[in-house]
Amino acid sequence: MELEDLTLMFEKAHFIRAFEGALAAASDAGEVPGLVHLSNGAEILELAVASALDLPKDQVTGSHRSHGIALSLGVDPLALACEILGREGGLSEGLGGTQHLIAPESGLLGSNGIVGGQVPLALGAALSAKTLKTGGIAVSYFGDGAANQGAVLESLNLAVVLKLPVLFVCENNGFGQSTASAYAAGGTSLLGRARAFGLAAAHVDGTDPLEATKTAHRLAAWVRDTGSPAFLEASVPRLSGHYHGDAERYRTTDGRSTDPLDRLEGMILSRDVPEGLVEDMKSRAHADALAIVDEATAAPDASDTALEAFMAEAQA
Amino acid sequence: MTQMTLSQALNRAHHDVMAADDHIIVIGEDIHGGSGVTGGQELGGVFGVTRGLASRFGAGRVIDTPISETAFVGMATGAAMTGLKPIVEVMFCDFMGVCFDQIMNQAAKARFLSNGRFDLPLTIRTTMGAGDGSGAMHSQSTFGMLSSVAGLMVACPSSPADAAGLLKSAVAAKGPTILMEHKGLYGHADTVEDDLPAVKLGKGRVVREGTDLTIIAVSAFVHKAEAAAEALKKDGIEAEVIDPRTIKPLDEALILESVKKTGRLLVASEDAAFAGFADAVISFVTRAAFADLKAAPVAVTPLDIPVPYGRKAEAKWLPTAETIIKAAKQMMEA
């Protein structure tokens with residue numbers, strides 16, 4: 001990767017990290033209606049996948065942990081923050097919230113409150129792309145927890161049977177809430193499962209910008225060119241709790257992963273870069289994210305207008 | 001006017017809507033049938049409703065699926081979010097237990113969660129009904145339960161014309177619609193208009209006028225109610241029979257108008273004895289027209305136990321025209 005690609009990824013990754021940090025602070029201050037599930041640790045992988053997509057022709061579905069996915073796809077961060085905070089100007093005027101982020105105009109078909117529920121929906125986006133010959137593909141993110149859901153296993157099979165252009169991205173962070181993936185998955189190789197269903201499949205270290213980008217591009221291109229499904233398992237750390245505020249008593253501090261953002265920073269610093277470049281990028285990304293979350297926090301609560309429109313329709 | 005059965009009318013309606021709009025696709029188990037089998041003939045769905053569609057419109061628009069209700073109902077939902085208008089068949093409504101997340105959480109809520117930024121033109125067709133010895137897991141009628149999920153529309157046709165007409169409205173609707181077809185009615189023949197016109201969702205029909213009591217019934221029970229009304233007439237009781245056709249949205253105005261006239265309400269329904277369609281109608285009428293009621297409303301429903309298999313037990317479980325007649329007479333004497 002060129003230095004320019006690395007620094008661009010670095011800026012975006014720090015923006016996502018700072019956005020999540022600002023949301024966590026807003027949550028602590030009682031500004032968020034519900035619980036937020038933060039993306040800390042998955043930024044590099046999600047940016048790598050997004051860089052392989054043709055948006056919004058390609059459509060993505062994600063899990064409850066999709067703030068980072070939305071930002072990686074280029075969803076308007078202010079509308080995103082307003083939606084998460086339940087404020088006016090949110091993507092869906094606050095009807096959806098943190099677990100139901102919808103921005104198809106940017107390629108985010110939807111995130112989901114049901115573990116694995118988003119995966120069959122991506123098959124539909126792939127079927128539309130195939131039937132309407134748009135040239136687009138679908139991408140469905142899910143975690144190692146969802147990998148044990150029937151919805152996901154059925155979808156892997158159906159995608160092969162119907163030959164649908166869909167890229168499954170399993171973010172394996174080792175945890176389904178408090179339960180270890182090694183405990184919950186019978187036969188611990190998720191890659192082996194995917195291959196048994198007949199999918200082209202690869203594993204990637206989701207903290208490695210070079211490998212993640214290369215593999216995501218290779219699989220996305222393969223899906224697009226062949227019209228067939230593929231499976232990408234990415235190891236990513238979950239740097240924070242299941243949700244913000246999770247005390248994580250089930251987890252010791254031993255064996256915590258290193259931060260992929262530090263790894264990227266090291267790669268940039270190993271190149272011949274001007275003094276202070278990295279610190280400048282970081283502080284700019286953090287200032288930008290904080291300003292956006294502050295602006296969203298200052299916005300009024302979403303009005304009842306959207307709600308009333310649906311009630312009127314139901315009563316008509 | 002033409003004479004045809006309910007399954008023939010549905011089949012014709014599928015041909016009509018698919019010819020008119022190439023965004024309409026059909027998805028389900030065995031809807032073409034014999035996929036992957038060499039030789040052999042088309043099945044066209046277990047009740048023949050989708051017959052001839054694959055040969056006319058191609059396998060790209062008539063998609064046989066594996067037995068994976070969650071994946072294919074979800075796929076249909078996602079396709080409806082992205083430009084297609086799928087008609088997806090769940091072979092028996094009992095099987096919705098397998099894929100209820102995709103119905104209750106995904107299809108029912110997607111349009112709301114997008115704040116109406118996309119429509120969800122999804123039609124789910126399914127079958128229901130007892131009386132043919134299919135046992136506890138192929139005989140239920142779940143329309144009341146489904147209509148309690150906000151965001152779903154539910155229609156239960158009783159005639160060939162309504163089946164075709166409601167299908168046409170469902171594929172044109174902004175939100176997900178479940179069309180529930182009673183297995184015992186597929187062979188039921190009646191006259192239909194040649195062009196099988198659309199029937200508006202939420203619009204009921206007065207099947208028979210009367211002045212003494214109002215009988216509300218849908219699907220197969222409309223025919224039981226009609227037979228009961230005919231018998232009651234011989235005893236000098238004039239029953240008005242109303243077929244709401246759509247469970248949700250419910251034609252409340254039509255029901256209220258009738259109850260205000262007759263002062264008596266009997267709901268005959270094949271769905272749940274507890275918290276089902278009958279309870280919902282009685283609740284709303286009691287709240288809206290309490291002062292007009294001359295007697296306590298009556299529900300005629302199956303027993304509050306799973307559908308039994310044996311002929312004698314199933315007959316005991318399932319209300320008949322006789323059950324309705326008896327309940328109506330008791331009500332008139334009260």
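What you are looking at is a predicted structure, and each value in this text was computed from that prediction instead of being measured.

Draft legend 1. Structural context of the domain arrangement of chain B. All names here are of chain B. By the assigned domains, chain B splits into domain 1 (2-192) and domain 2 (205-333). For domain 1 versus domain 2, the distance between C-alpha centres works out to 27 Å. Taken together, the contact pairs 28 residues of domain 1 with 23 residues of domain 2. Between domain 1 and domain 2, roughly 1,900 Å² of surface is buried when both sides are summed, and carbon and sulfur atoms account for 58% of that area. Taken together, the links from domain 1 to domain 2 amount to 2 salt bridges. Ionic pairing is found between Arg205 and Asp162, a salt bridge with its closest N-O pair at 3.6 Å. Along the contact surface separating domain 1 from domain 2 lie 13 residue pairs in polar contact (both at pLDDT 80 or more). Among the secondary structure elements, those contributing two or more residues to the side of domain 1 that touches domain 2 are α5 (143-147), β6 (153-155) and α6 (160-171). In terms of residue count, α5 provides more of the side of domain 1 that touches domain 2 than any other element does, 4 residues in total.

Draft legend 2. The packing of aromatic side chains, seen in detail. A full pass over the atoms with the stated rule returns 8 aromatic pairs over all chains. With a centroid separation of 6.3 Å and an interplanar angle of 55 degrees, the aromatic rings of A:Phe142 and A:Phe231 are classed as tilted. Highlighted residues: A:Phe142 in strand β3 (residues 138-143) and A:Phe231 in strand β8 (residues 230-235), separated in sequence by 89 residues. Summarising the burial analysis for this pair, A:Phe142 and A:Phe231 share the class buried. Feature note: the residues B:Phe47, B:Phe92, B:Phe95 and B:Tyr186 constitute an aromatic cluster, connected by ring pairs.

Draft legend 3. Fine view of the sheet that holds strand β14 (residues 298-300) of chain B. All names here are of chain B. Taken together, 5 strands build an open sheet; the order of strands is β9-β11-β10-β13-β14 and the sheet is mixed. Of all strands in the sheet, those with a lone pairing partner are β9 (205-208) and β14, marking the two edges. Looking at each pair of strands side by side, their axes are set apart by 25 degrees on average, direction ignored. As paired strands, β9 and strand β11 (residues 239-243) are joined by 3 bridges and run antiparallel to one another. Within β11, the position partnered with Arg205 by the bridge is Asp243. Contacts from helix α7 (residues 220-234) reach β9, β10 (213-217), β11, β13 (265-268) and β14 within the one sheet, and its direction differs from that of β9 by about 40 degrees. Strand contacts of helix α9 (residues 277-289): β10, β13 and β14, with the helix running at about 160 degrees to β13, the strand carrying the most contacts.

Analysis parameters
Residues numbered from 1 in each chain as written. Chains lettered and ligands numbered in written order. Predicted model: local features only at pLDDT ≥ 70, side-chain atom pairs only at ≥ 80, totals over all residues. Heavy atoms only, no water. Domains from an automatic or database assignment. Contact = heavy atoms within 4.5 Å. Buried area = accessible area lost by both parts, 1.4 Å probe. Salt bridge = Lys/Arg side-chain N within 4 Å of Asp/Glu carboxyl O. Polar contact = N/O pair within 3.5 Å; in protein donor to acceptor, adjacent residues only side chain to side chain. Helix = DSSP H or I, 4+ residues; strand = E, 2+ residues; numbered from the N terminus. Phe/Tyr/Trp six-rings, centres within 6.5 Å; stacked < 30°, edge-to-face > 60°. Buried < 20%, exposed > 50% of the residue type's maximum accessible area, 1.4 Å probe, protein only. Pairing = 2+ DSSP bridges. Axes fitted to C-alpha atoms, helices over the stretch in contact; angles between N-to-C directions.

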